Amino acid sequence: MTPKQQSMLAQNPHLVVAATLEDGDMLVLDNQPAANFPSGHFGPYILTKSGALQDVNYHYSQQHGKAVPWK
C-alpha cells in the first residue's frame, strides 16, 4: 500500500479494500450511500497508487485502454 492510498483510506473510513490488484491499485467498496444517489452508489471503485479514487470503467478505459461495453 502506498502512502497516498493509506492516507486516502485513513481520511475516508467508509472505503473498504476488497482486493489489491497486480499493478498495486486497489479495488474498494464504499459502505455508505453517495450523495444524490437515493438508492446508494457503493462502487466498486479503483484506488490508484497515487491516491485517486476512480470509477472502475473509467479507470480501465483511461489507464489500461480497455473499452467499456458501451463504447
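Residues numbered from 1 in each chain as written. Predicted model: local features only at pLDDT ≥ 70, side-chain atom pairs only at ≥ 80, totals over all residues. Heavy atoms only, no water.

*Asks:* Give me the pattern of salt bridges: which residues, what numbers.
*Replies:* All told, the structure shown has one salt bridge when counted by the stated rule. Between lysine 49 and aspartate 25 there is a salt bridge; the shortest N-O distance is 3.7 Å. With lysine 49 in the loop between β3 (45-47) and β4 (53-55) and aspartate 25 in the loop between β1 (15-20) and β2 (26-30), this pair connects stretches of sequence that are 24 residues apart. Judged by its relative accessible area of 39%, lysine 49 falls in the partly exposed class. (Salt bridge = Lys/Arg side-chain N within 4 Å of Asp/Glu carboxyl O. Helix = DSSP H or I, 4+ residues; strand = E, 2+ residues; numbered from the N terminus. Buried < 20%, exposed > 50% of the residue type's maximum accessible area, 1.4 Å probe, protein only.)

*Asks:* Give a detailed account of the sheet that holds β1, specifying residues and quantitative values.
*Replies:* The four strands lie next to each other as β1-β2-β3-β4, forming an open sheet whose pairing is antiparallel. In this open sheet, the two strands that pair with only one neighbour each are β1 and β4. Going across the sheet, the axis of each strand differs from the next one's by a mean of 40°, ignoring polarity. Here β3 runs beside β4; their pairing, made up of three bridges, is antiparallel. (Pairing = 2+ DSSP bridges. Axes fitted to C-alpha atoms, helices over the stretch in contact; angles between N-to-C directions.)

*Asks:* Outline the confidence of the model for the protein chain, listing residues and values.
*Replies:* In low-pLDDT segments, the atomic positions of the prediction should not be examined closely. Here the protein chain shows a mean pLDDT of 85. Residues at 70 or above account for 83%. Ranking the elements of the protein chain by mean pLDDT puts helix α2 (residues 56-63) last, at 83, and helix α1 (residues 3-11) first, at 96. (pLDDT = per-residue confidence, 0-100.)

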